[in-house]
Every structure is written in C-alpha cells, then in structure tokens.
Amino acid sequence: AKTLFESVRDSKYKEEPIWVGRLDDSTMTILANKKTGTWTLVQFNGNVACVIDAGEENTLIERLKGSM
C-alpha cells in the first residue's frame, strides 16, 4: 500500500513535504508544490494520518540559514 506521502506526490498535485512540526502527541506536515502553488496540511498521530486542509496559491518564504 502507498503511504500518504507517496499518494500526494504521485497525484496530479505532485506535492512534496516542505515543513514538519511536532505537537505533544502528533506531528503536523505541510506538503506543497512550488510550481502549481497547491498545498496540503496533514496531522499524523501514530499510524493515523488526517488531512486537515488543502488549498492553492501558497507562497513559500525562504530565509537564509540562521536568519530567524
């Protein structure tokens, strides 16, 4: 079976993980496609993944290392 990441990457959206953040009991991940502007926010809790939201027209703000 495909993982959620493989399914999103191989779908028409071709999104890749660009950010991961840890909560107390779960992990949040943003997947995006720089060319098309689509994005998906996914929450993982153990072996369960839930798509929280998805959309279009994202802007990736890239900073130089150490600038935050």
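Conventions adopted
Residues numbered from 1 in each chain as written. Predicted model: local features only at pLDDT ≥ 70, side-chain atom pairs only at ≥ 80, totals over all residues. Heavy atoms only, no water. Pairing = 2+ DSSP bridges. Helix = DSSP H or I, 4+ residues; strand = E, 2+ residues; numbered from the N terminus. Contact = heavy atoms within 4.5 Å. Buried < 20%, exposed > 50% of the residue type's maximum accessible area, 1.4 Å probe, protein only.

A. Highlighting the pairing of strand S4 (residues 48-55). Strand direction decides the pairing type here: strand S3 (residues 39-45) and S4, joined by seven bridges, are antiparallel. Residue pairing in the sheet places Val42 in a bridge with Val51 of S4. Hairpin geometry of S3 and S4 is characterised by an intervening segment of two residues between the two adjacent antiparallel strands and by a positive phi of about 65° at Gly46.

B. Molecular detail of the environment of Gly55. The topology assignment puts Gly55 in strand S4. Each C-alpha atom, one on Gly55 and one on Trp39, is 5.4 Å from the other, the two residues being 16 residues apart in sequence. Those residues in contact with Gly55 that sit more than four places away from it in its chain are Gly37, Thr38 and Trp39.

C. Representation of the pairing of strand S2 (residues 27-32) within the structure. Counting buried residues along S2, five of its six residues qualify, which places the element largely inside the surrounding structure. Here strand S1 (residues 16-22) runs beside S2; their pairing, made up of six bridges, is antiparallel. Bridge assignment links Arg22 to a residue of S2, and that residue is Thr27. The loop that links S1 with its antiparallel partner S2 comprises four residues. Examined bridge by bridge, S2 and S3 share six bridges and lie antiparallel to one another. Residue pairing across strands places Thr27 opposite Phe44, the latter belonging to S3.

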